[in-house]
Structures are given as structure tokens and as C-alpha cells.
Amino acid sequence: MIPTHVGFLGAASYESVSCVTANFQAFVTDLSHEDLDVEENLQEMVELIFKRAVKKPDSAAVFAELCQHLSEVEFQSLSDWSASVSFRSLLVKHCQAEFMKNLDKEGIHQESWSCLKPVQDVRVTDRLREEQQNTKPSGRFLNMLRFIGELFLSKVLAEKSMHCCIRRLLQKGDGPSLEGLCQLLQMIQQDLEVVTEKEVMDTYYNQLDYIAEKGKRAPRLSLLLRETVDARKMAYSTPH
């Protein structure tokens, strides 16, 4: 169903993005007829592609390839003649915003514990902390990380964006963040290793290894952390 408001791009474009996986080349050709030299139109295209990619995770790689084709679209800003507007820059900003928004939604926020302070019940706060550390991530959160990973593999997002995501996920360190991090690393590890100093990658995996061993996490999450660490070791041990 087409939303009641599809903005500047119109119903035809919405339908095209919705079925882009069915006829990729035809859709890319179709884009040449779109009015993408206006910032609002380009921003709407970014948001629409991101939304569809997250909704259809099995097609994330195709949507990432589409973004690669669009990444060269750039023109002078009408609001600031000294600046330019590009599909890639708008996409990077949108990915950052969606990542932070979805990261904040996942898990049980520490602020929610404040109502327990007057009671001073250590057992309750410990239980909440344990739930936060072991709760499962939402499907949308994992789908978003999958698309971000595909954008990196398609060379649309730079390694700097990946390091930012990895560090944020490690910093939060709850169940959804760590499970999402494992999925992301299993996707991009080999490509990221090529453009990253080994010591940096070692730091990430050493932290995962420590959490798996000492973090007192649910068996399911500990196993996933261990599998992620072991996958990298196997990649290094495999002859090239």
C-alpha cells in the first residue's frame, strides 16, 4: 500500500523503490527521469531507500548497491552557494541519526531505575541490570545494522563510520548492543581488517572475548560472542 503522503517523488517512485529488487537495472535507469537535483527530493529518496532496506533485510545488499549508484549524485546547495549537497552525505547523516535513535530504544535504560532509588532494593536493581545485559535486540535494530554493514561492503560508508558504530555498541554493552555488534562484525570483519590496524581490531575482539568469559551473560549471548571471536581466529588461520 502506498502511503497517503509520498512527497516530491510521487507514487511511481515509491512503487519503484518497493520493487527495486525485482528489476534492479530498470530502476537505476528509471532514476535518470527523477528530479534529484533538489535537496528535499534527494533527502526523501535517502529516507525511502533506508526504510525499505530495513523492512526487507534479505534485500539489503541490493539496496546498498542502489546507494552506490546514487552516491555520485551531487549538486550545489540552493540555501548555501558555498556548499554542495550529495546523496552520500545525506545518507551518512541519516544512518548516523537512525543508528543513535535505534540504539537508544534498545534494552532497558538505566534512567528507568531511578524510580527504585527510594526503595534501595539491591536485588531488584540487580535483576534489571541482568535483564538489560541479556535481553534480545529487536528485529528492526538488527536489520538496520545489516544494512549499514552492506553499505560499508559496497564502499558507500567509510571505515570511520564502522569504527564509530563498533565503539558505540561496545560502550553501551547491553544484550541488544552486543548481539548487534556480533552480527555486524561477522559481516564486515574481513573487509574492515584490510583498512584497519591489527591492534585496533585486536582491541575490539579482546573486549568481546573478556565479556564472553567474565561478563556473566546468558549462555546464548556468551556463545554468540565466542563464535564471533572464533570466526576471526579461523579467518586468520586459513591459508590465503
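Scroll up to find the structure this text is about.
Residues numbered from 1 in each chain as written. Predicted model: local features only at pLDDT ≥ 70, side-chain atom pairs only at ≥ 80, totals over all residues. Heavy atoms only, no water.

Caption draft 1: Representation of the pattern of salt bridges within the structure. Counted by the stated rule, this structure contains 11 salt bridges. Between K172 and D174 there is a salt bridge whose closest N-O contact spans 3.7 Å. Residue classification places K172 among the partly exposed residues on the basis of a relative accessible area of 27%. Judged by its relative accessible area of 1%, D174 is buried. Between D209 and R226 there is a salt bridge; the shortest N-O distance is 2.5 Å. Taken together, the residues D209 in helix α10 (residues 198-214) and R226 in helix α11 (residues 219-237) connect sequence positions 17 residues apart. Put simply, E193, K198, D202 and R232 are held in one network by salt bridges that share partners. (Salt bridge = Lys/Arg side-chain N within 4 Å of Asp/Glu carboxyl O. Buried < 20%, exposed > 50% of the residue type's maximum accessible area, 1.4 Å probe, protein only. Helix = DSSP H or I, 4+ residues; strand = E, 2+ residues; numbered from the N terminus.)

Caption draft 2: Quick peek at the nonpolar core. Judged by nonpolar contacts, the single largest core of 53 residues is most densely connected at I49, F87, F147, L151 and L208. When contributions to this core are tallied by element, the ones reaching two or more residues are α3 (39-55), α4 (60-70), α5 (87-105), α7 (139-153), α8 (159-172), α9 (175-194), α10 and α11. The residues contacting L208, other than those within four sequence positions of it, are L170, L178, L181, L185, L225, T228 and V229. (Core = buried A, V, L, I, M, F, W, Y, C linked by side-chain atoms within 4.5 Å. Contact = heavy atoms within 4.5 Å.)

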